[in-house]
Amino acid sequence: MIIFIESNTSGTGEYFYNLCKKKKIKFLFLISSKKKYPWLSKKYYKIIDTKNFNKLIKKIQLIKRNNNIKYILSTSDMFIETSNSLNKIFNLDHENERLIKTFKNKYECLKNMRKLGIVNRNFQKISSKSLINKINFPLIIKPINGTGSIDVFKINNRKQLLNKKNYLTKKYKEVILDEFIKGQEYSLEVFFYKKKIVFNQLIKKEIFDKKHFVESGHIISNNFDSKIIKLKNKLLIKLDKFKLNNMFLHIEFKIDDKNRIQLIEINPRLAGGFIPILIKLVHKIDLISLYLDLIIGKKFKKINKIKNLFIYKIIFLIPGFSQKIEKIIISNKISNLILHKKIYYDKLKQFKAYSYNFSDRLGHIIFKGKNFNELLLNEKKLKSNIFFKKKI
């Protein structure tokens, strides 16, 4: 049996759920509320206070009486540490707790990555009573343990900084100030198995709102600039030192004007946002299926990427206005361009106005092009045939 502690709401958790059913793997979700998971059937979950670690231990002890628990995992950023610690308690495969804790704390992560030479800028942590040290504008202010682009703001002057500091330190114990880096943002998806990196994928990111940094698109190409590939390979050498057992890392970074990697954060989990689906379409590699097979004891097989000459992109359906939406209409005229599509009906129902985080993404479309020009042309055709009908 596999036990899931909560789930993310950007696709990965639902994919795990459906694949477990397809593979006939016994599993159970431990969740605090059903509201976030409309796709989750009653027989596959138990309600529990997932923030109470002792209650989780007792519940898992009860489950263990009649089940052979293979692994405890979470696709939610908020419960990565919890699931890893539970694996340790129940003598299951787990990662270095101190390292996972460092990854989850954005300040400690940057501090440690500076020692590896992949952070070259000023940053500091502050609380409600902290004095702000000298730092250059523009900068980013965000929660130290935040997730999902929630409460991430770009700050251009001291007045804005004091305003957002007061706002955020009422909600969070500590926040981080991080000098803003100009340049293209990327993510690097990495999979460790038995202390070695056995898979990596570079992804170019696009942002919908440059004040709040909600990701609006991801691109995978075999034709990225050779300079970027060299920098990515240097980064992989640094990351290899972590020697993780059986874990994904979702790494976000930029390339600055001095052609240096500027790491933004490391998330000890598989990417959300349907990136695993994008990777599957490009390389015919199902990372989640592979991961589940390893958990249940199947032998590891070398991962071989299929070379694909097309460029693939996922765009998220974010409305162009901030009000309630009745429905999203996708014209049949563009059906030949669409490789994969999904409307997030639960988020569509809840959408009232921009939240400036991942809840503004109400669906997605994946498509491809032979080159960047064709990709851009196809994107224009798609966007001109997608309509958001306002709710009156």
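Right, let's walk through the structure included here. Just so it is clear, the model here is predicted, and its values are computed rather than measured.

Tallying secondary structure elements over the protein gives 11 helices and 18 strands in all. Whereas a compact globule of 392 residues would reach a radius of gyration of roughly 21 Å, the protein reaches 21 Å, a difference of no more than 12%. The long-range fraction of contacts in the protein, counting pairs at least 24 apart against all pairs at least 6 apart in sequence, stands at 66%. Put simply, the protein shows about 20,000 Å² of open surface, and 49% of that area lies on carbon and sulfur atoms. Mean positive and mean negative side-chain charge positions of the protein (84 and 31 charges, respectively) differ by 3 Å.

So, about the sheet that holds strand S2 (residues 27-31). Strand pairing in a sheet is mediated by backbone hydrogen bonds. Such pairs are either parallel or antiparallel. The strand order across the open sheet formed by 4 strands is S3-S2-S1-S4, and the pairing between neighbours is parallel. Here the strands that pair on one side only, and so sit at the sheet edges, are strand S3 (45-47) and strand S4 (71-73). Adjacent strand axes in the sheet meet at a mean angle of 20 degrees when their direction is disregarded. Here strand S1 (residues 2-5) pairs with S2 via 4 bridges, running parallel. The residue of S2 that forms the bridge with Phe 4 is Phe 29.

Looking at the secondary structure, you find Phe 372 in helix H11 (residues 372-383). Since its relative accessible area comes to 36%, Phe 372 is described here as partly exposed. For the pair Phe 372 and Ile 311, spaced 61 residues apart in sequence, the C-alpha separation works out to 7.1 Å. Not counting the four nearest positions on each side in its chain, Phe 372 is found in contact with Ile 219, Ser 221 and Ile 311.

On to the packing of aromatic side chains, then. For the structure on display, the rule yields 25 aromatic pairs. A ring pair is formed by Phe 29 and Trp 39, whose centres lie 5.8 Å apart and whose planes are at 75 degrees; its orientation type is edge-to-face. Of this pair, Phe 29 sits in strand S2 while Trp 39 sits in the loop between S2 and S3, and the two are 10 residues apart along the sequence. On the basis of relative accessible area, Phe 29 is assigned to the buried category, the value being 1%. When the ring of Phe 191 is compared with that of Tyr 291, the centres are 6.1 Å apart and the planes differ by 90 degrees; the resulting orientation is edge-to-face.

Time to look at the sheet that holds strand S7 (residues 153-155). What the 4 strands build is an open sheet, ordered S5-S8-S6-S7; its pairing is antiparallel. Two strands bound the open sheet, and with one partner strand each, they are strand S5 (123-126) and S7. Geometrically, the sheet is characterised by an average inter-axis angle of 25 degrees between neighbouring strands, direction not taken into account. Pairing between S5 and strand S8 (residues 175-179): 4 bridges, direction antiparallel. Bridge assignment links Ile 126 to a residue of S8, and that residue is Val 175. Helix H5 (residues 106-115) contacts S5, strand S6 (139-143) and S8 of the sheet and is inclined by roughly 155 degrees relative to S5.

Parameters at a glance
Residues numbered from 1 in each chain as written. Predicted model: local features only at pLDDT ≥ 70, side-chain atom pairs only at ≥ 80, totals over all residues. Heavy atoms only, no water. Helix = DSSP H or I, 4+ residues; strand = E, 2+ residues; numbered from the N terminus. Rg over C-alpha atoms; globule rule 2.2 N^0.38 Å. Contact = heavy atoms within 4.5 Å. Areas by Shrake-Rupley, 256 points an atom, 1.4 Å probe, with all protein chains shown as cover. Lys, Arg positive; Asp, Glu negative; His and termini not counted. Charge placed at Lys NZ, Arg CZ, Asp CG, Glu CD. Pairing = 2+ DSSP bridges. Axes fitted to C-alpha atoms, helices over the stretch in contact; angles between N-to-C directions. Buried < 20%, exposed > 50% of the residue type's maximum accessible area, 1.4 Å probe, protein only. Phe/Tyr/Trp six-rings, centres within 6.5 Å; stacked < 30°, edge-to-face > 60°.

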